Amino acid sequence: YELFPNQEKLPALMKVYLDEMVNIHLGQNWDICWHRSKYVPSEEEYFQMVAHKTGVLPRLGATMACVALNVDVELSNLLVKYGESIGVAFQIQDDIINITGEEYAKGKAMLGEDIYEGKKTLMVVHSLKNSSKRGRLLDILDMHTTNQDLINEAIDIIKSSKSIDYAKTEAKKIIEEAWKLVEHKLPKNKGTQQLCELSKFLIDRDIQKNLSLIHI
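Remember, it's a predicted structure, so these values are computed and weren't measured experimentally. (Residues numbered from 1 in each chain as written. Predicted model: local features only at pLDDT ≥ 70, side-chain atom pairs only at ≥ 80, totals over all residues. Heavy atoms only, no water.)

1. What to know about the packing of helix α4 (residues 73-100) against helix α11 (residues 190-204)
Then, in step 1: Where α4 contacts α11, the axes come no closer than 9 Å and their chain directions differ by 25 degrees. It follows from the interaxial angle that α4 and α11 lie roughly parallel. Every pair of crossing elements has a handedness; the one defined by α4 and α11 is left-handed. Along its contact with α4, which presents Y82, I86, F90 and Q93, the element α11 presents L195, L198, S199, L202, I203 and D204.
Then, in step 2: Here the residues of the contact of α4 with α11 sort into seven nonpolar, two polar and one charged. (Axes fitted to C-alpha atoms, helices over the stretch in contact; angles between N-to-C directions. Helix = DSSP H or I, 4+ residues; strand = E, 2+ residues; numbered from the N terminus. Parallel < 35°, antiparallel > 145°, perpendicular 65-115°, else oblique. Left-handed = near helix turned anticlockwise from the far one by under 90°. Contact = heavy atoms within 4.5 Å. Nonpolar A, V, L, I, M, F, W, Y, C, P; charged D, E, K, R; others polar.)

This is the structure we're talking about:
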């Protein structure tokens, strides 16, 4: 209370915080349930899960800032959506790095840790929909194996169905579309430029230059 001068905003901010804490727990539980079962989500379900999981924190930050600063409803909605898009795109890129980033793997027990965990990433969902080796991929995911040869086999199936390229394209589209909607509403200043650079970073980030990033 002492650190926040506008006491009238506190109830609204607290509601935003509590609502999003519920969302992040739902999203995390959703994700865990999927990779501990044989259920294969649709892409729509996947995006809903990620919006509830990784989309929460940037969306929370954007929402609280808009409430605190009395941002008008139209711009607030766009900024909140942009914040959510940051989280969703980050998760997709992070999952791509998990099965392709050799440098990233050096800091982990294995390349393809998500395969061991049985995670239903966007790439996995896409590959299961398009690959003739759907059954084999499901079998390996269900094993929760630490055998690197089996993990590499699953990664090869994902690659052969062009699911990595598909996920990269989707992540880029999500950020670009969200930024396009909000860009013309923002003033031309350093803050807006930094947001623009953040968008580009999320699309193009190189694991070899960003080894400090924490896998989610």
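2. Re the confidence of the model for the protein
Then, in step 1: Overall, the prediction assigns the protein a mean pLDDT of 89, with 88% of residues at 70 or greater.
Then, in step 2: Helix α5 (residues 102-105) is the least confidently modelled element of the protein, averaging 63 in pLDDT, while helix α7 (residues 122-130) averages 98, the highest of any element.
Then, in step 3: Below a pLDDT of 50 lies the segment residues 207-216, which in the model reaches 26 contacts outside its immediate sequence neighbourhood of four places, other chains included. (pLDDT = per-residue confidence, 0-100.)

3. Digging into unusual backbone geometry
Then, in step 1: Of note in this structure, N70 is not a glycine but carries a positive phi near 55 degrees.
Then, in step 2: Turning to its location among the elements, N70 is positioned in the loop between α3 (56-68) and α4.
Then, in step 3: On the accessibility criterion, N70 (55% relative accessible area) is exposed.
Then, in step 4: We note that H144 has phi near 55 degrees; this positive angle belongs to a residue other than glycine.
Then, in step 5: Position of H144 among the secondary structure elements: in the loop between α8 (134-143) and α9 (148-160).
Then, in step 6: Among the residues examined, H144 registers a relative accessible area of 31% and is labelled partly exposed. (Buried < 20%, exposed > 50% of the residue type's maximum accessible area, 1.4 Å probe, protein only.)

4. With respect to the side chain of N98
Then, in step 1: Looking at where N98 falls in the secondary structure, it is placed in helix α4.
Then, in step 2: For N98, a relative accessible area of 2% corresponds to the buried category.
Then, in step 3: In this structure the side chain of N98 is engaged in a polar contact, spanning 3.2 Å, whose partner is the backbone nitrogen of E113. (Polar contact = N/O pair within 3.5 Å; in protein donor to acceptor, adjacent residues only side chain to side chain.)

5. Structural notes on a nonpolar patch on the surface
Then, in step 1: Taken together, the side chains of M14, Y17 and L18 define a hydrophobic patch exposed on the protein surface, amounting to about 290 Å² of accessible area.
Then, in step 2: Relative to the assigned elements, Y17 resides in helix α1 (residues 10-35). (Patch = residues over 30% accessible without salt bridge, like charges linked within 9 Å, V, L, I, M, F, W, Y side chains within 5 Å. Areas by Shrake-Rupley, 256 points an atom, 1.4 Å probe, with all protein chains shown as cover. Salt bridge = Lys/Arg side-chain N within 4 Å of Asp/Glu carboxyl O.)

6. Describing the nonpolar core
Then, in step 1: Counting residues in each nonpolar core, the largest one holds 44 residues, and the members touching the most others are I92, I99, I115, M123, L137, I158 and V182.
Then, in step 2: Residue assignment for this core shows that the elements contributing at least two residues are α2 (43-53), α4, α7, α8, α9, α10 (163-183) and α11.
Then, in step 3: At eleven residues, the largest contribution of residues to this core is made by α4.
Then, in step 4: Setting aside anything within four residues of it in sequence, one finds V182 in contact with L75, L78, L79 and Y82. (Core = buried A, V, L, I, M, F, W, Y, C linked by side-chain atoms within 4.5 Å.)

7. Considerations on the packing of α2 against α4
Then, in step 1: Between α2 and α4, whose axes approach to 9 Å, the crossing angle comes to 110 degrees. Classified by the interaxial angle, the pair formed by α2 and α4 is roughly perpendicular. Handedness of the α2/α4 crossing: right-handed. The residues of α4 that touch α2, namely those facing Y46, F47, V50, A51 and K53, are E84, G87, V88, Q91, I92 and D95.

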